[in-house]
Amino acid sequence: MDTLRIIINVVVMLVLIGLLVWMQKKHVSFTKRVFTGLGLGLVFGVILQWAYGAGSDVISGSSDWFNLVGRGYVGLLQMVVIPLIMVSIISAIMKLKGRQNLGKMSALIIAVLLITTAIAATVSIVTSLSFDLKAIEIQAGEREQQRGAALEERLGDVADKTIPQQMLDFIPTNPFADMTGARSTSTLAVVIFSAFIGVAVLGLDKKKPEQADTFRKMVDAVYAVVMRIVTLVLRLTPYGILALITNVTATTSAEEILKLIKFVGASYVALIVMFIIHLILLALFGYNPVQYVRKVLPTLVFAFTSRSSAATIPLNVETQTKRLGVPEGVANLSASFGATIGQNGCAGIYPAMLAVMIAPTVGINPASWDFILTLILVVVISSFGVAGVGGGATFASLIVLSTMNLPVALAGLLISVEPLIDMGRTALNVNDSIAAGVITGKILGENDPEAFKRSVDLDAVQA
């Protein structure tokens, strides 16, 4: 009987996918198809949970099939992340006039990411204290206890390393291993390796211009091929979002959400406040917040549903360059750095909120200034090298909690609502990297104001 129900659910999913295909053939805009996929996924997911229950075998079996579309799409995006980062950064640096531009550009992007992370940590602390969040008030079941034990075991990977030692992990000692994502810091390591290649080509211009020109042509050819692959993958976005949001809605238990509704509410209040701060910063640099939101919303929707900053890099870069007028060099650096450095949601708001919740369990007053200032500093430093995929927030929390001498096992209390919160965190991470690119390009005077004013649908980007 369960097998028949699973087949019916899969058939319904295929029908919904067929509807999106029909909309594409009718030349309905990309943005409308993305939001149609989101809406259909929400409704279908709610119906599935109402009919079978979040933890049922039918939901589990159906989700496995839905993942062929949802997680399959995320996997294709992750497939192009490393090649895109490499050729984009190398190409962008090769087109610079000198190394000083690269240094200034990188410094500005990282500065914006770290400053906003410090602000995010502050917002999180204020929100946590306002909601009076305390880990001691949350009852731990068997699942939560198992999660806590797993976190303590994972802590062994980072507990014995000082912050300087952790920062040494950013160095690409084996760039080929990092291209396979062997480490949590692999994406940042690839960025650094690619930057070295680009700078080396600039130096080669003076000594061996012919060889430099040959290498440029090779990189340009590879870049064109990679961008074509990105275009092909991005066309699948509406279908990927449909499957991803269906799975999240169907498998997230309403009872678990209600049990931790206070924490979920506080998390989203902090995320929304920080998003508004992003818009205020952009407004100070002369950008219309409403127009900005309209242009980045499809990208943020994908980040929300996929829960992967790294997988959103291709769409992030396309949005910055085609919709916001940010030059390719700045867009590629900000998207790449933003997936591993200063993530406002995963490395800023979440670890700070956990620290404030857990502090009273060991007799620490989370409202004391010495605790608050130390926490903000630790959060900012620890925000380097956070993986831009699922689990990055956990890694950041382990570092922050262990550095603050707080018990990491209590972070396992939130496992039941982790996917729901992670969706909002990821969207904020991506928006922060986009904002960093826009602000950096504006300061450098390299943004195209006309591109921001134009009404551009991402269908044009994917032509």
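This one's a predicted model, so the numbers in the text were calculated from it and none came from an experiment. (Residues numbered from 1 in each chain as written. Predicted model: local features only at pLDDT ≥ 70, side-chain atom pairs only at ≥ 80, totals over all residues. Heavy atoms only, no water.)

Along its length, the protein carries 22 helices and zero strands. Taking the contacts inside the protein whose residues are at least 6 apart along the sequence as the reference set, 84% of them involve residues at least 24 apart. (Helix = DSSP H or I, 4+ residues; strand = E, 2+ residues; numbered from the N terminus. Contact = heavy atoms within 4.5 Å.)

On to helix α20 (residues 418-444), then. One turn of the α-helix equals 3.6 residues, which is why residues spaced by three or four share an orientation. Taking 1.5 Å of rise per residue, 27 residues should cover 39 Å, and α20 covers 39 Å from first to last C-alpha, within 8% of that figure. The buried count for α20 comes to 23 of 27 residues, which makes it a mostly enclosed element. (Expected span 1.5 Å × (residues − 1). Buried < 20%, exposed > 50% of the residue type's maximum accessible area, 1.4 Å probe, protein only.)

Counting residues in each nonpolar core, the largest one holds 105 residues, and the members touching the most others are Tyr292 and Leu375. It is helix α4 (residues 70-94) that contributes the most residues to this core, twelve residues altogether. Apart from residues lying up to four places away in sequence, Tyr292 is in contact with Leu279, Leu282, Leu324, Asn431, Ile434, Ala435 and Phe452. In this structure, Leu20, Met23, Val58 and Leu242 belong to the second largest nonpolar core, which totals 15 residues. (Core = buried A, V, L, I, M, F, W, Y, C linked by side-chain atoms within 4.5 Å.)

So, about the pattern of salt bridges. Scanning all chains against the criterion turns up four salt bridges. With a shortest N-O distance of 3.6 Å, Asp213 and Lys217 are connected by a salt bridge. Note that Asp213 and Lys217 are positioned in helix α10 (residues 209-234) at a spacing of four residues, about one turn of the helix. Exposure remark for Asp213: the relative accessible area of 38% places this residue in the partly exposed category. With a shortest N-O distance of 2.7 Å, Arg425 and Asp422 are connected by a salt bridge. With a gap of three residues between them, Arg425 and Asp422 both fall in helix α20, about one helical turn apart. The exposure classification of Arg425 matches that of Asp422, with both residues buried. (Salt bridge = Lys/Arg side-chain N within 4 Å of Asp/Glu carboxyl O.)

Moving on to the confidence of the model for the protein. The share of residues in the protein with pLDDT of 70 or more is 84%, and the mean pLDDT across the chain is 82. Within the protein, no element has a lower average pLDDT than helix α22 (residues 458-461), which sits at 48, and none a higher one than helix α13 (residues 261-284), at 93. (pLDDT = per-residue confidence, 0-100.)

A cluster of nonpolar side chains, contributed by Leu76, Met79, Val225, Ile229 and Leu236, occupies part of the molecular surface with about 390 Å² of accessible area. Listing elements by their share of the nonpolar patch, those giving two or more residues are α4 and α10. Mapped onto the elements of the fold, Met79 is located in helix α4. (Patch = residues over 30% accessible without salt bridge, like charges linked within 9 Å, V, L, I, M, F, W, Y side chains within 5 Å. Areas by Shrake-Rupley, 256 points an atom, 1.4 Å probe, with all protein chains shown as cover.)

A few words now on the environment of Leu42. Its location among the elements puts Leu42 in helix α2 (residues 30-52). Leu42 sits 202 residues away from Leu244 along the chain, and the two C-alpha atoms are 9.6 Å apart. With residues near it in sequence (within four places) discarded, Leu42 still touches Ile245 and Thr249.

Our next topic: the packing of aromatic side chains. Within this structure, the stated rule accounts for three aromatic pairs. For the pair Phe44 and Phe66, a centre-to-centre distance of 5.8 Å together with 50 degrees between the ring planes defines the contact as tilted. Residue Phe44 is located in helix α2, and its partner Phe66 is located in helix α3 (residues 57-66); the two are separated by 22 residues in the primary sequence. Plain terms: the ring middles of Tyr73 and Phe302 are 5.3 Å apart, the flat faces sit at 80 degrees to each other, and that makes the pair edge-to-face. Placement of Tyr73 in helix α4 and of Phe302 in helix α14 (residues 289-306) is noted, with a sequence separation of 229 residues between them. (Phe/Tyr/Trp six-rings, centres within 6.5 Å; stacked < 30°, edge-to-face > 60°.)

Before going further, it helps to spend a moment on unusual backbone geometry. The backbone of His27 shows a phi angle near 60 degrees, a positive value even though the residue is not glycine. If you trace the backbone, His27 turns up in the loop between α1 (2-25) and α2. Among the residues examined, His27 registers a relative accessible area of 73% and is labelled exposed.

As for its position among the elements, Thr117 is in helix α5 (residues 99-131). Side-chain polar atoms of Thr117 contact the side chain of Asn344, separated by 3.3 Å. (Polar contact = N/O pair within 3.5 Å; in protein donor to acceptor, adjacent residues only side chain to side chain.)

Here we come to the packing of α2 against helix α11 (residues 237-251). Close contact between α2 and α11 brings their axes to 7 Å; oriented N to C, the two are set at 25 degrees. Looking at the two axes, α2 sits roughly parallel to α11. Where α2 crosses over α11, the two elements pack in a sense that is right-handed. Looking at the contact of α2 with α11, its residues break down into 13 nonpolar, eight polar and one charged. (Axes fitted to C-alpha atoms, helices over the stretch in contact; angles between N-to-C directions. Parallel < 35°, antiparallel > 145°, perpendicular 65-115°, else oblique. Left-handed = near helix turned anticlockwise from the far one by under 90°. Nonpolar A, V, L, I, M, F, W, Y, C, P; charged D, E, K, R; others polar.)

We now examine the environment of Gln320. Relative to the elements of secondary structure, Gln320 occurs in helix α15 (residues 313-323). Sequence-wise, Gln320 and Ala435 are 115 residues apart; in three dimensions their C-alpha atoms are separated by 9.1 Å. With sequence-adjacent residues up to four places away left out, Gln320 is seen in contact with Gly325, Val326, Ala331, Ser334, Ala335, Ser433, Ile434, Gly437 and Val438. Within polar-contact distance, the side chain of Gln320 engages the side chain of Asn316 at 2.8 Å.

Another point: the packing of α14 against α15. Contact geometry of α14 with α15 gives a least axis separation of 10 Å together with a crossing angle of 175 degrees. In terms of orientation, α14 lies roughly antiparallel with respect to α15. The residues of α15 that touch α14, namely those facing Arg294, Lys295, Val296, Pro298, Thr299 and Phe302, are Leu315, Asn316, Thr319 and Arg323. Here the contact of α14 with α15 is built from residues that sort into four nonpolar, three polar and three charged.

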